[in-house]
Amino acid sequence: MAGSADTGGGESLLTRVVADHYAGDTVAQQILDAAKQQFATFGLRRSTIDDVAKRAGLSRITVYRRFSTKNNLIEACLARECRALLHDLDEALGELPTMEDRVVEGFVVSMRYARHHPLIGELLTLEPEVVLPFFTVNGGPVLAALRAYIAEHLRKGQGARGRAEAQPEPVAELMVRIAVSFLLTPQSCVELDDAEQCRVFARRYLAPLIGC
């Protein structure tokens, strides 16, 4: 089916996330907007295709033509949210010259996403037993994808300080794991809702780990 979210088992998770199979499809975007609102309000289990169709002001047949199952719709909705995070990282890190700067700003973006994302935050409140496995015991593929993406950004900043031998993967993984930790347990002795304090924290404790 044209526009289907089913991309085949051979694609990596990162490829599926980055590739927007609904780019330019205004109806699909309308459905995904409605799905995000529906899932954030009522959770995944209590939401149906009919609920999403009603919220979008479309017929259920129109929704099914683009998303053949509820799972396809959930996957596409979450993938779009991941693309939003990757876009934010691109915007924040794209022009920064050094790996240290990229570590710091990448951490700021990750914290903002983890602590203030409306959909994931609401799902953790409504259905923690459904969502938690995706960030813990079943979170390996997502962690690996985000680690690879962030590490590539960090690697681009290595040349400016002549540290081409430094390995950015450990710091990239640490950034992802810390973001997930703050997402799941937001209470902290460190004030990370303030972007400047977040930068100070990252520059003092994270950047030195990669030898910047």
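Attention in this report is confined to the structure presented alongside it. What you see is a predicted model; the values in this text were computed from it and never measured. (Residues numbered from 1 in each chain as written. Predicted model: local features only at pLDDT ≥ 70, side-chain atom pairs only at ≥ 80, totals over all residues. Heavy atoms only, no water.)

**Quick notes on the overall build of the chain**
The helix and strand inventory of the chain stands at eleven helices and zero strands. For the chain, the succession of helices and strands along the chain, N to C, is α-α-α-α-α-α-α-α-α-α-α. Out of the 212 residues in the chain, the part that is buried amounts to 41%. Within the chain, contacts between residues at least 6 apart in sequence are counted, and of these 71% link residues at least 24 apart. Taken as a whole, the chain presents about 10,900 Å² of accessible surface, with 54% of it coming from carbon and sulfur. (Helix = DSSP H or I, 4+ residues; strand = E, 2+ residues; numbered from the N terminus. Buried < 20%, exposed > 50% of the residue type's maximum accessible area, 1.4 Å probe, protein only. Contact = heavy atoms within 4.5 Å. Areas by Shrake-Rupley, 256 points an atom, 1.4 Å probe, with all protein chains shown as cover.)

**Observations regarding the pattern of salt bridges**
Scanning the entire structure with this criterion turns up 13 salt bridges. We note a salt bridge from R80 to D33, for which the minimum N-O separation is 2.8 Å. You can see R80 sitting in helix 5 (residues 70–93) and its partner D33 sitting in helix 2 (residues 26–42), a full 47 residues away along the chain. Salt-bridge contacts for E129 lead to R45; the nearest nitrogen and oxygen are separated by 3.0 Å. In this pair, E129 is assigned in helix 8 (residues 128–135) and R45 in the loop between helix 2 and helix 3 (49–56), connecting sequence segments 84 residues apart. Taking relative accessible area as the criterion, E129 reaches 44% and is therefore assigned partly exposed. Owing to a relative accessible area of 57%, R45 belongs among the exposed residues under this scheme. Through salt bridges that share partners, E100, D101 and R203 make up one connected network. (Salt bridge = Lys/Arg side-chain N within 4 Å of Asp/Glu carboxyl O.)

**Section: the nonpolar core**
Soluble, globular proteins show a tendency: their nonpolar side chains are buried together. In terms of nonpolar packing, the biggest core is built from 59 residues, with F39, F67, L73 and F107 touching the most fellow members. A per-element tally of this core places helix 6 (residues 99–116) first, with nine residues. Once residues within four sequence positions are removed from consideration, F67 is found in contact with Y22, A28, I31, L32, N72, L73 and A76. (Core = buried A, V, L, I, M, F, W, Y, C linked by side-chain atoms within 4.5 Å.)

**Considerations on the packing of helix 6 against helix 11 (residues 195–206)**
Running from N to C, helix 6 and helix 11 cross one another at 135°; their axes reach a closest spacing of 9 Å. Considered as vectors, helix 6 and helix 11 are oriented oblique to each other. Considering how the two elements wind past one another, helix 6 and helix 11 form a crossing that is right-handed. Contact with helix 6, carried on its side by E100, D101, V103, V104, E105, F107, V108 and M111, involves A195, C198, R199, F201, A202, R203 and L206 of helix 11 and no other residues of that element. The residue inventory of the contact of helix 6 with helix 11, partitioned by class, reads ten nonpolar, no polar and five charged. (Axes fitted to C-alpha atoms, helices over the stretch in contact; angles between N-to-C directions. Parallel < 35°, antiparallel > 145°, perpendicular 65-115°, else oblique. Left-handed = near helix turned anticlockwise from the far one by under 90°. Nonpolar A, V, L, I, M, F, W, Y, C, P; charged D, E, K, R; others polar.)

**Description of the environment of L174**
Looking at the element boundaries, L174 is found in helix 10 (residues 169–184). For L174, a relative accessible area of 28% corresponds to the partly exposed category. When the C-alpha atoms of L174 and L209 are compared, they prove to be 9.9 Å apart, with 35 residues separating the residues in sequence. Ignoring anything within four residues of it in the chain, the contact list for L174 reads L206 and L209.

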